[in-house]
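# Observations on the model geometry
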Amino acid sequence: MEGMSERARHWQYDELPGVDLLRARYVRKTFVRHTHESFVIAAIADGVEVFHHGGADQYAGAGALALVNPDTPHTGRAGVPEGWRYGAVYPSVDVVTEIAAETTALRGTPGFVSPVVQDPYAVGLVHQVLRAADEGNALAADTLLRVAVTRLLRSNGGPMPARAVRTAGAATAARARRVLEERMARPPGLEQLARDLGTSPFALLRAFRDTYGMPPHAWLTDARVRRARRLLDAGTAPAEVAVAVGFTDQPHLNRHFSRIVGVPPGAYQRERKNVQDRPGGRP
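Because the structure is a prediction, the values reported are computed rather than measured.

## Some remarks on the environment of Asn 69
Inspection of the secondary structure assignment puts Asn 69 in the loop between strand E6 (64–68) and strand E7 (74–78). With 46 residues separating them in the primary sequence, Asn 69 and Pro 115 have C-alpha atoms 8.5 Å apart. Engagement of the side chain of Asn 69 in a polar contact is seen with the backbone nitrogen of Phe 112, the distance being 2.8 Å.

So, in structure tokens, the structure goes:
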């Protein structure tokens, strides 16, 4: 049935730098545990999204916003049989920090306090940003984005949650992360990685989970998809990207990319290339 079909568009608008845009309808889609380098401001139009965040399931229905700070592990799935329809903006840390400095009393890097906010007016603002971007209306898109972010920061903003104190385990986890970043295409196994760092596999697993909110293998998949996005944005073919970031082949990349970004890598690259190729970058 058409009304129950899944569809998604993930794109950028050149006149709205530092912001990714998404419009989607999902029914069976499940987002695995992952993070974003940017903020997530997802405005639910209908249905219910459930996402695990901060140790508990969070429910966002029509008229609510799902808000996630950068580098915060979370998941995503439908909370009702008909799924959920939403629009989302992903402003960078720099964009949100600049808006906060201009329009709020928050200083430093701001963050959202609650992951779910009931605010139908702000939901409408997010959808208006997406509509303005579709229409090539730069003035409206930029203005409405600033109004929406300011409203949410004033009602639900605070200092970015402090990172955990630096313990010996956190230092080991950070070293492990550097190794995985450097050897992304051919990473060591958990036992070898622990041995190289002078610890045990279980101790490393526990320290990594405590520091980054997910085990090393899940973090590595997330990091590979982040790097894949950069390579796709630079014009690298998906098959080449898959090998470069350490996936077995393109279907392997497709599966993990879709479970984190929400669209397959080919569709992701086409949308972003289409925007760049149009005069003025306008959809």
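## Some thoughts on the pattern of salt bridges
As enumerated under the stated definition, the model contains 17 salt bridges in all. Arg 146 is the partner of Glu 98 in a salt bridge, and the nearest nitrogen-oxygen pair spans 3.4 Å. Taken as a pair, Glu 98 in helix H1 (residues 93–103) and Arg 146 in helix H3 (residues 138–156) lie far apart in primary sequence, 48 residues in all. Overall, the relative accessible area of 38% leaves Glu 98 in the partly exposed class. Its salt-bridge partner being Asp 233, residue Arg 272 comes within 2.7 Å of it at the nearest N-O pair. Taken together, the positions of Arg 272 in helix H10 (residues 265–277) and Asp 233 in helix H7 (residues 216–233) put the pair 39 residues apart, joining distant regions of the chain. The class of Arg 272 is buried, set by a relative accessible area of 4%.

Criteria and thresholds
Residues numbered from 1 in each chain as written. Predicted model: local features only at pLDDT ≥ 70, side-chain atom pairs only at ≥ 80, totals over all residues. Heavy atoms only, no water. Helix = DSSP H or I, 4+ residues; strand = E, 2+ residues; numbered from the N terminus. Polar contact = N/O pair within 3.5 Å; in protein donor to acceptor, adjacent residues only side chain to side chain. Salt bridge = Lys/Arg side-chain N within 4 Å of Asp/Glu carboxyl O. Buried < 20%, exposed > 50% of the residue type's maximum accessible area, 1.4 Å probe, protein only.

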